[in-house]
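Okay, here's what each chain looks like letter by letter:
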Amino acid sequence: MLNHIWAAMIAIGIIYGALTGNMEAVANGALDAAGEAVQLCITMIGVMGLWVGLMEIASKSGLIASMTRGIQPFITFLFPRIPKEHPARQYISTNIIANILGLGWACTPAGLKAMEELAHLEEERQNPGYLSKRGERVASNEMCTFLILNISSLQLIPVSVIAYRSQYGSANPTAVIAPGILATAISTAVAVIYCKIRDRACPSRQIGIK
C-alpha cells in the first residue's frame, strides 16, 4: 500500500512539474534530496553505531539482563498465558527494552523472533481460534498485544528523532525528549488498557485487529 502511495506522489509531482514548466526544478530537487539522503544515512550510521555499541557494553556488563529480569512482572501482566520459561518472553523483553531506549534498529530482530515464538506457541496449543474458517492463520491475543505495544512504543530517548533534528540544524535537538516521553507514555498506557479489555472479552480468540 505504501509503495503505491509513494509511486502516486512521485508520478503526480513529475506530471505537475511537466505541466507547469518546472521540470528543471523537479530534477534539481530530486538530485538535492538524493544528496541529503546520503548525508542523513551517514549520520544515522554513526548514531546507530554509537547506541548499538552502548547496548553491547550494557549487555556484557549484565545491565540488559538485570533490566530483563526487572520487567518480567510487566511481561507476566501483559502475557499471562505465556509459560515463564518460554523463549518468547526473552525476545519480548529485549524488544521492549530496545524500544524504551529508542533503538528501533536493535528491537526489530528481537520482535521478529518473538512473533515466531508466539506463532509456535499457538501451534503447540492447537488453539482452534488460531485458524480462520478458511484454514488461514490469524494472530493470537499475545501476538496482537505485542504488535500494539510496539506501535505505541514507549521511548525514554528518541534517538532517531534527535539525530534527524541534529542533521537538519536544530538549535536544541534534545528538546523533544520530554514531549516524547509524555506522548509515548500516554499511548502505551492506552494500548495496555485496550489490550487487557479486549483480552478479557475474548480470551481464546484474537483481539480483533484486521
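Residues numbered from 1 in each chain as written. Predicted model: local features only at pLDDT ≥ 70, side-chain atom pairs only at ≥ 80, totals over all residues. Heavy atoms only, no water.

A. Here's a closer look at the overall build of the chain. The secondary structure content of the chain amounts to 9 helices and 0 strands. Looking at the chain residue by residue over its 210 residues, the buried ones come to 31%. Sequence-distant contacts, at least 24 apart, represent 66% of the contacts inside the chain between residues at least 6 apart. Total accessible area on the chain stands at roughly 13100 Å², and carbon and sulfur atoms take up 67% of it. (Helix = DSSP H or I, 4+ residues; strand = E, 2+ residues; numbered from the N terminus. Buried < 20%, exposed > 50% of the residue type's maximum accessible area, 1.4 Å probe, protein only. Contact = heavy atoms within 4.5 Å. Areas by Shrake-Rupley, 256 points an atom, 1.4 Å probe, with all protein chains shown as cover.)

B. Molecular detail of the environment of E36. Along the chain, E36 turns up in helix α2 (residues 23-61). Between the alpha carbons of E36 and Q167 there is a distance of 9.6 Å; along the sequence they are 131 residues apart.

C. The arrangement of empty space enclosed by the protein in detail. Taken as a whole and assessed by the stated rule, the structure comprises 1 cavity of 30 Å³ or more. Approximately 30 Å³ is the volume found for the largest cavity. Top contributing element to the lining of the largest cavity by residue count: helix α7 (residues 141-152), with 3 residues. Here the residues of the lining of the largest cavity are counted per class, giving 3 nonpolar, 2 polar and 3 charged. (1 Å grid on protein atoms, 1.4 Å probe; cavity = no way out; pocket = protein on both sides within 12 Å on 5 of 7 lines; lining within 4 Å. Points joined across faces, edges and corners; volume = space filled by probe spheres on them. Nonpolar A, V, L, I, M, F, W, Y, C, P; charged D, E, K, R; others polar.)

D. Seen up close, the UniProt feature "transmembrane region" (unreviewed entry) in the chain. Following the UniProt record, the feature "transmembrane region" (unreviewed entry) maps to residues 7-31, 37-59, 143-164 and 176-195 here. Here residues 7-31 is 88% helix and 0% strand, with 17 Å between the C-alpha atoms at its ends. Helix makes up 73% of residues 143-164 and strand makes up 0%, while its end C-alpha atoms are separated by 31 Å. (UniProt positions renumbered as here; feature names shortened; annotations may be inferred.)

E. Structural context of the nonpolar core. Formed by 30 residues in total, the largest nonpolar core has its most connected members in F79, I92, I96 and L118. Looking at this core, the elements that each hand over two or more residues are α2, α4 (72-78), α5 (87-100), α6 (104-125), α7 and α8 (159-167). The element best represented in this core is α5, accounting for 6 residues. (Core = buried A, V, L, I, M, F, W, Y, C linked by side-chain atoms within 4.5 Å.)

F. Expanded view of the state of the cysteines. All told, the structure shown has 0 disulfides when counted by the stated rule. Here C144 stays free of any disulfide, with the sulfur of C195 as its closest cysteine sulfur at 8.2 Å. A relative accessible area of 4% places C144 in the buried class. (Disulfide = S-S within 2.5 Å.)

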